[in-house]
Each structure stands twice: as structure tokens, then as C-alpha cells.
Amino acid sequence: MTSAVMGAKSTSSNPLKSKWVQLALGVICMMSISSPQYVWALFTKPIMGQLGVTLTELQVTFSILIVLQTFFSPFQGYLVDKFGPRLLLSIGTILTGASWVLSANLTTVSNLYITYGVLGGLGTGIVYIGVVGLMVRWFPNNRGFAVGMVAAGYGIGALLTTFPIADSLAVSGIQGTLTFFGYIIGAVGLLAAQGIRVPHADRVQTAGQIEAAAAGVAPKTMLKTPVFWVMFLMMSMMSTSGLMVISQMGAFAKDFGITSALVFGMAALPLALTIDRVTNGLTRPLFGWVSDRIGREYTMTIAFGLEAIAMFVWVTTRTDPVLFVLLSGVVFFGWGEIFSLFPSTLTDTFGQKHATTNYGFLYMAQGVGSIIGGPIAAYIHGATDSWMPVFAIMIVLDATAAILAFFVLRPMRAKYLKSCTA
């Protein structure tokens, strides 16, 4: 009895056993790996000039990054479950930093595919899937909020690097910038990963939350359910629109005459990217918190509809630098919450035992979005010599996802959960 009490006191006195400390460490890990995706738009112009490649060729790098980050995530989730998050997150942060350091010596676009694309994709994927899978277990009753917080770390992390990287590119060039910041992001992530812990068994019991089965649904079973594939389709649609903006923003900002403009005394593009990081980060815990209270599908309908409206207004006022900057933030506010809503909805539906691996399969939708929003969107622009068809497609995808959330996913998931508890 005494030893049990002493053990409990020992556990409670260890700050690494606190879910809030774990949440903070998870946020730091996510922030450390966010720059490869979210500041890519700053690199496209100087790399195109140095290597003499087309935008379509260069955007293959971005697609490789996202595809490997996502398509390997089920396997990465399995490794995290098997060997523990601390080891895998350490490996992931090292790979992420190394991807920038090694890509600094740019000679051919093929080298960039391997370093920035392959190594960066594998590294960021391990960290992302590992942290999200961990948080749905540490916070079983507030999944939307907790996953939203770590997803915010990924969305807002580049806020700290956007202007420094833009300044560094002007002073040190592409090689010096990638080398310096590669070491920084790798070291910060590696240090944070050393404190990551798995929650004790008694912490992962949900209180008052309905799940498909107490033990959790295995991936093999989940993949046979229509409700999973509806979620996969919706996440693919939303990922496509957001990743199109992230990967192409430098290009269409130039075509719209925004790149050389000043807004509030600052360069318009870096300012827009900075505001985007803020709104992209804030929307994740906010809408996650809202979904914990009013329901996942209702929140999806509101957020996805907002994204469609914001993108329509954005493109119709595209030549106004001030509106371009401000509305870009609204666009990201309507998009970034997918990374809190979808993993929370998935775990609510299929349980938490296999949550990391299960989300790995759903996260592959991000890879689909990177292909359509990256090189395919660039190809459509090249074929039509206009960004209007690209934006039209993205707006339709956002609006369709909002409709599916309310009229298809909501009744389908309710029916599935009822059948599991019958």
C-alpha cells in the first residue's frame, strides 16, 4: 500500500508524466518540422533561377515531400507503436534537419528531389504522425483541442522562420540559408523529442466518449468501412486546395503583381506567409475545441464552407495587395483545421488502440492533395496560362467537402457507431 502511494507520488512529481508537458513537447517537435512545407514558396524563385528549371519540374520536389510524408505514414505509425515515439521522433527530426543541410549544395533538380523531397518527407512524416497519434491518447476527452494544438505547432511553426529565412536568402543565398536553418530545426526537434513519453494505461480510458469498440478497430477492418473512405475523400479534397496555395503562392503572387508590392511597409509575400502561419495555427485548436462541443461534422461544414467562400473572394480581389495579404489569412483559417478535425473524428469512430497507424492511412489523403495541388495545378496553369481554372477547381472541392460533411458523413458515421454499440 505504502509503496503504491510512493509510486504514485513519484509519477506525479515527474513533469514528463504530465499531459500538458507532453503537449508542449509535441508542439515544439511539430514547430521544428514545419518549415520544409510552409516556407517552400520562398525557395521556388531562387532555386528556379539557379537550376534553370520550370515551375512544374521544381514542384515535383514539393510533391515528393508531401507524398513520402503521407504515403509512408501507416508504416511510420506502425514503427512508432512498436519502438516508441521518442526513438522515432528523434530519427525524424534528424532526417528533417539533414534534408536541408544536404540540399544546400544544389547541382541538379534530381539532387533536390532526393534531399529536400525524400529525406524531408520521411523525416517530417515520422514526427507528424507520431505526435498526433500520441496526443489522441494523452487527451481522450479533448482530442479536438489537443490534436489542434500540436497541429497548430506544425501550422504556425514557420512563423518564426518566414522573415528570417527571407532575409537570409537576400544576404546568404540559398546555400547558406538551407545549411544554417537545417542545423537549427534539426537540433530543436531532437532536444524536444528526448522528453516524449507514452501515457500510462489508465490515462487512455475515455470518459463518456462513445467509440466503435473498447479495444479499437484494427486498420484491416477500418479500411473495409465506407465511413473511412468518405473521410479519405473529404480530406483529399481539402488537402488539395490548401497545398495548392502553399506550393504555388510564390508563383501566382508574382503573376498577380503582388510580389514587388509593399503592405504596411513590408514585402507583401513574406507578410502574407507570416499571417497565414498565424491563422493556420490558430484555426486548429479553435475548431478542434469547437468540435469537442458541437460535433465534428457540424464544425467541418462551417469551416470547409468558410474556406470556399474565402478563396472565392480572395481570387476576385487578387490585384489589391492589402486584400491579397489579409484574405490569404482567412483562406488558411478555413483550411488548417482539417488537421485537428480529421484525426479526432477518425479516433472517435475507430478507437484509440490503433490510432497512430489508423491515422497514417487517412493522412495519405494529404499525399493525394499534394499531387493535385502541386504539379497538376502547375500543369493546368501552364496549359491555360491562367490561375483562374485552378482556383475554380479548388473552390468546388472545398464546397463539396462541406456538403459531404453534413449530408453524407454525419448520418453515415452515426449509423456506423450505432451498429457497433448495438
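Residues numbered from 1 in each chain as written. Predicted model: local features only at pLDDT ≥ 70, side-chain atom pairs only at ≥ 80, totals over all residues. Heavy atoms only, no water.

## Structural notes on the nonpolar core
Nonpolar side chains in soluble globular proteins tend to be buried together.
Okay, step 1: Core analysis: the largest hydrophobic core is formed by 120 residues, its most contacted members being Phe-43, Tyr-128, Phe-252, Phe-304, Phe-339 and Tyr-359.
Okay, step 2: A per-element tally of this core places helix H12 (residues 226-255) first, with 17 residues.
Okay, step 3: Beyond its immediate stretch of four places on either side in the chain, Phe-43 contacts Trp-100, Tyr-116, Ile-165, Leu-169, Ile-174, Thr-177 and Leu-178. (Core = buried A, V, L, I, M, F, W, Y, C linked by side-chain atoms within 4.5 Å. Buried < 20%, exposed > 50% of the residue type's maximum accessible area, 1.4 Å probe, protein only. Helix = DSSP H or I, 4+ residues; strand = E, 2+ residues; numbered from the N terminus. Contact = heavy atoms within 4.5 Å.)

## Description of the confidence of the model for the protein
Okay, step 1: Model confidence for the protein is summarised by a mean pLDDT of 89, while 93% of its residues fall at 70 or above.
Okay, step 2: Mean pLDDT across the elements of the protein ranges from a minimum in helix H1 (residues 2-13), with 48, to a maximum in helix H14 (residues 296-316), with 97.
Okay, step 3: Confidence over residues 1-11 falls short of pLDDT 50; this stretch has one contact with residues more than four positions distant or in other chains.
Okay, step 4: Counting interchain partners and residues more than four positions distant, the pLDDT-below-50 stretch residues 207-214 has 24 contacts. (pLDDT = per-residue confidence, 0-100.)

## Observations concerning a nonpolar patch on the surface
Okay, step 1: Side chains of Phe-71, Phe-72, Phe-75, Tyr-78, Ile-371, Ile-372 and Ile-376 sit close together on the surface and give an oily, nonpolar patch of about 600 Å² of accessible area.
Okay, step 2: If you list the elements that add at least two residues to the nonpolar patch, you get helix H6 (73-83) and helix H17 (355-384).
Okay, step 3: The element contributing the most residues to the nonpolar patch is H17, with three residues.
Okay, step 4: Structurally, the position occupied by Ile-376 is in helix H17.
Okay, step 5: On the basis of relative accessibility, which here comes to 38%, the residue Ile-376 falls in the partly exposed class. (Patch = residues over 30% accessible without salt bridge, like charges linked within 9 Å, V, L, I, M, F, W, Y side chains within 5 Å. Areas by Shrake-Rupley, 256 points an atom, 1.4 Å probe, with all protein chains shown as cover. Salt bridge = Lys/Arg side-chain N within 4 Å of Asp/Glu carboxyl O.)

## Examining the pattern of salt bridges
Okay, step 1: Using the criterion set out here, one finds four salt bridges in the structure.
Okay, step 2: A salt bridge links Asp-348 to Arg-296; the shortest N-O distance between them is 2.7 Å. A residue pair is termed long-range when its members are at least 10 positions apart, and Asp-348 in helix H16 (residues 338-350) and Arg-296 in helix H14 qualify at 52 residues.
Okay, step 3: By relative accessible area, Asp-348 is classed as buried at 7%.
Okay, step 4: Its salt-bridge partner being Glu-297, residue Arg-413 comes within 2.6 Å of it at the nearest N-O pair. On the criterion of sequence distance, the pair formed by Arg-413 in helix H18 (residues 388-421) and Glu-297 in helix H14 is long-range, its members being 116 residues apart. Each member of the pair Arg-413 and Glu-297 is classed as buried.
Okay, step 5: Salt bridges sharing partners connect three or more residues here, namely Arg-143, Asp-292, Arg-296 and Asp-348.

## Here we look at the packing of aromatic side chains
Okay, step 1: As enumerated under the stated definition, the model contains 30 aromatic pairs in all.
Okay, step 2: Each ring, one from Tyr-128 and one from Phe-339, has its centre 6.2 Å from the other, and the planes form 75 degrees; the classification is edge-to-face. Note that Tyr-128 is positioned in helix H8 (residues 109-138) and Phe-339 in helix H16, a separation of 211 residues in sequence. Accessibility classification places Tyr-128 together with Phe-339 in one group, the buried group.
Okay, step 3: Between the aromatic rings of Phe-252 and Phe-391, the centroid separation amounts to 5.2 Å while the plane-to-plane angle is 70 degrees, which identifies the pairing as edge-to-face. Of this pair, Phe-252 sits in helix H12 while Phe-391 sits in helix H18, placing them 139 residues apart in sequence. Comparing Phe-252 with Phe-391 shows no difference in burial state: the two are buried.
Okay, step 4: Put simply, the rings of Tyr-38, Tyr-128, Tyr-154, Phe-332, Trp-335, Phe-339, Tyr-359 and Tyr-363 pair up and form one aromatic cluster. (Phe/Tyr/Trp six-rings, centres within 6.5 Å; stacked < 30°, edge-to-face > 60°.)

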